[in-house]
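# Descriptive analysis of the structure
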Amino acid sequence: MEQNYGRDTSCIQGGWKPKNGEPRVLPIYQSTTFKYENSDYMGKLFDLEAEGYFYSRLANPTCDAVAAKIAALEGGIAGMLTSSGQAANFLALTNICSAGDHIVSSATIYGGTSNLLTVTMKKQGIDVTLVDPDASEEELEKAFRPNTKAVFGETIANPALVVLDLEKFARLAHRHGVPFIVDNTFATPINCRPFEWGADIVTHSTTKYMEGHASTIGGCIVDSGNFDWMAHAEKFPGMCTPDESYHGIVYAEKFGKMGYIQKATAQLMRDLGTCQSPMNAFLLNLGLESLHLRMPRHCENAQKVAEYLQSCEDVAWVEYPGLPGDKYYEVAQKYMPGGSCGVLSFGLKGGRDMAVRFMDNLKMVAIVTHVADARTCVLHPASHTHRQLNDEQLVEAGVRPDLIRFSVGIEDVKDIIADVEQALAAAKA
Ligand SMILES: *Cc1c(COP(=O)(O)O)cnc(C)c1O
């Protein structure tokens, strides 16, 4: 693909490659269908014998260009856009797991993904074991079963801000002959490229930093091309035995390294239809064009806000991987030396009640169910996403009742800090 470009160049120039006389800027191919001159060629397309577009549920030039850009940024060989981050994780896993299979996943993952794994996929017959990401390799070994088909985790967990020891998880996965799938939403390839640390497949909720402006839900799957499916053929019949719904194609054979994404497209996108619209892909692409400029600013601002909060008398604790002394400082320094993300969490000495008063008094910072976009925003899980739980249940779920999740945007940091300062003072009064 485009791995010779620097990351900043890929943000701008990756993906869309106009030919002579074509639009310089990625066009929105707002068309469900594509026209062909003869019936025979269309037949070849359906047989995956010829290359070309025929129906936008399966593939669309706008979406493909954006997927190629993200693949280039991650250093992968192929990518596929999905309608959301949820769809990306669901497709990434069910492309290689089906009823009777088992997944080992870090316990500290996004709530939606946790629900997907422990409720919806469980109902479909796929079992999951949630593991403590900080456990020793010996301890983690115990989670594996003969039917384990994948290891899953998040580079930086939302909202726990646990930084995953990528090499440890990659070693475990590979020792058991299964791929390591990493949700890289919070770090983005600007701060961390999991393939460089042994991950095989990366997923994204592009809804967050990638699109970056909170305008568009979307997701993406990228394959490194490094996992040797045929070497573990008995574990992955879907990749390594004929697909009768596609004229007996063996994906890992016919498409080699491209087999995983080809299968996800030809089978799962065909049947489930969780595709991204070309319009949304266009907006995502605009966001990606400034990702390399926005991420350092998010991190710089978050670092200053975290340091400010640490200095506040009313603040009980602050968690941010960029703070020396944070539980994940060292591991973040190793895997993302340039910065982690813009999200931090903290608690107030006045506890849950003061947290609510603090948030109600914020003027510029908005209370929203979102993180990781240009505007600074805040959420109190105990009052919002986890409001059905009492304090005891909250602690069990790993969410302290006083935890405030603060997503630092790219405004003037002095304005963010000033808003926090006045809201703290008002909350105390
Ligand atoms: C938001 C998020 C998701 C889900 O993405 P949607 O685009 O909202 O479907 C998955 N993983 C992580 C880490 C997220 O932050």
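Structure's up top.
Please read all numbers here as calculations on a predicted model, not as lab measurements.

Reading guide: rules and limits
Throughout this description, residue numbers start from 1 for each chain and increase along the sequence as written. Local features in this predicted model are restricted to residues whose pLDDT is 70 or higher, and side-chain atom pairs enter the listing and the counts only when it is 80 or higher, whereas totals over whole chains, interfaces and linings include all residues. The side-chain numbers reported here are obtained from all heavy atoms of the structure, hydrogens and water having been left aside. Only Phe, Tyr and Trp rings take part, Trp by its six-membered ring, and two of them pair if their centres are within 6.5 Å. Stacked means planes under 30 degrees apart, edge-to-face means over 60, and tilted covers everything else. In this text, helices come from DSSP runs of H or I with a minimum length of four residues, and strands from runs of E with a minimum of two, each type numbered from the N-terminal end. By definition here, charges over rings are those cases where NZ of Lys or CZ of Arg is within 6 Å of the ring centre and within 35 degrees of the ring normal. Here, proximity means that at least one heavy atom of the residue falls within 4 Å of the molecule or strand. Whenever two N or O atoms come within 3.5 Å, that pair is a polar contact, provided that in protein one can donate a hydrogen and the other can accept it, and provided that, for residues adjacent in sequence, both atoms are side-chain atoms. Under the convention used here, a 1.4 Å probe and the Shrake-Rupley method define accessible areas, while residue burial counts only the protein chains that appear. Residues are grouped as follows: nonpolar covers Ala, Val, Leu, Ile, Met, Phe, Trp, Tyr, Cys and Pro; charged covers Asp, Glu, Lys and Arg; every other residue, Gly included, is treated as polar. A strand pair is defined by DSSP finding two or more bridges across the two strands. All axes here are fitted lines through C-alpha atoms, helices being fitted over the stretch that makes contact, and every angle between N-to-C directions spans 0 to 180 degrees. By definition, residues are in contact when any of their heavy atoms lie within 4.5 Å. Relative orientations are named as follows: roughly parallel for angles under 35 degrees, roughly antiparallel for angles over 145 degrees, roughly perpendicular for angles from 65 to 115 degrees, and oblique for any other angle. Handedness of a helix crossing follows the sense of rotation of the near helix relative to the far helix, less than a right angle counterclockwise being left-handed and clockwise being right-handed. Exposure classes here rest on a 1.4 Å probe applied to the protein chains alone. A residue is buried below 20% of its type maximum, exposed above 50%, and partly exposed in between. Handedness of a crossover: with both strands directed away from the viewer, a clockwise path from the first strand across the helix to the second marks it as right-handed. One less than the number of residues in a helix, times 1.5 Å, gives the span that helix is expected to have. Think of it this way: the bend at a residue is just the angle between two axes, each fitted to seven residues, one set ending at that residue and the other starting at it. A side-chain nitrogen of Lys or Arg and a carboxyl oxygen of Asp or Glu constitute a salt bridge if their distance falls within 4 Å.

Let's shift gears to the packing of aromatic side chains. One pass over the full model with this rule turns up 14 aromatic pairs. Between F169 and F180, the aromatic rings sit 6.1 Å apart at their centres with planes inclined by 25°, giving stacked as the arrangement. Separated by 11 residues along the polypeptide, F169 in helix α7 (residues 166-175) and F180 in strand β5 (residues 180-183) bring together distant segments of the chain. Ring pairs connect the aromatic residues F227, W229, F236 and Y260, which therefore count as one cluster. A cation over an aromatic ring shows up here: R400 above the ring of W317, its NZ or CZ 3.8 Å from the ring centre.

Moving on, we come to the site of the ligand. Of all residues adjacent to the ligand, which total 15 residues, the nearest are N158, D183, S205, T207 and K208. Between the ligand and the protein, one listed contact pairs an oxygen atom with a side-chain N or O atom of N158 at 2.8 Å. At 2.6 Å, a side-chain N or O of T207 approaches an oxygen atom of the ligand. When the ligand is considered free in solution it has 380 Å² of accessible area, and contact with the protein chains removes 93% of it. Among the residues making up the shell around the ligand, the classes are represented as three nonpolar, nine polar and three charged.

Further remarks concern the sheet that holds strand β1 (residues 78-82). Read from one edge to the other, the open sheet built from seven strands follows the order β1-β7-β6-β5-β4-β2-β3, with strand pairing classed as mixed. Two strands in the sheet have a free side with no partner beyond their single neighbour: β1 and β3 (127-131). Averaged over all pairs of adjacent strands, the angle between strand axes in this sheet comes to 20°, irrespective of strand direction. Packing of helix α3 (residues 61-74) onto the sheet brings it into contact with β1, β6 (201-205) and β7 (219-223), and relative to β1 it is tilted by some 125°.

In this section: the packing of helix α13 (residues 291-310) against helix α17 (residues 413-428). The contact between α13 and α17 brings their axes to 10 Å, and the two run at 30°. It follows that α13 is roughly parallel to α17 by the angle criterion. Here α13 and α17 pass one another in a crossing that is right-handed. Contacts from N301, K304, V305, Y308 and L309 of α13 reach α17 at V413, I416, I417, V420 and E421.

A few words on the pairing of strand β4 (residues 148-154). Among the seven residues of β4, seven are classified as buried, and the element is accordingly described as predominantly covered. With four bridges connecting them, strand β2 (residues 102-106) and β4 associate as parallel partners. Looking at the pairing, V104 lines up with V151 of β4. Both β4 and β5 contribute to a ladder of four bridges, which runs parallel. In the strand pairing of β5, E154 is matched with D183. The β-α-β motif built from β4, the intervening α7 and the parallel element β5 has right-handed crossover chirality.

Here helix α5 (residues 111-123) is 13 residues long and its end C-alpha atoms lie 17 Å apart, about the 18 Å a rise of 1.5 Å per residue gives. The largest bend along α5 reaches roughly 30° and is located at L117. Listed in full, the buried residues belonging to α5 are T113, S114, L116, L117 and M121. Backbone geometry just after α5 places G125 at a positive phi near 95°.

On to the environment of I410. Counting through the fold element by element, I410 comes out in the loop between β12 (404-407) and α17. The contacts of I410, once residues within four sequence positions are left out, are R294, R297, H298, N301 and A374.

Bringing the side chain of T216 into the picture now. Tracing the backbone through its elements, the reader meets T216 in the loop between β6 and β7. If near-sequence neighbours (up to four positions away) are discounted, T216 is found in contact with T207, E211, N280 and L283.

What follows concerns the pattern of salt bridges. Under the counting rule described, the total for this entry stands at 20 salt bridges. A salt bridge links D373 to R375; the shortest N-O distance between them is 3.8 Å. Residue classification places D373 among the buried positions, given a relative accessible area of 3%. Salt bridges sharing partners connect three or more residues here, namely E137, E141, R171 and R175.

In this model, N158 is joined to P159 through a cis peptide bond whose omega is 5°. As for its position among the elements, P159 is in the loop between β4 and α7. A positive phi angle, close to 60°, is found at T188, a residue other than glycine. Structurally, the position occupied by T188 is in helix α8 (residues 188-191).

Time to look at the packing of helix α15 (residues 351-360) against α17. When two helices pack together, their arrangement is captured by the angle between the axes and the distance separating the axes. As a packed pair, α15 and α17 sit with axes 8 Å apart at the nearest point and diverge in direction by 130°. It follows from the interaxial angle that α15 and α17 lie oblique. Here α15 runs over α17; the crossing is right-handed. Of the residues in α17, those touching α15 at M354, R357 and F358 are V420, A423, L424, A427 and K428.

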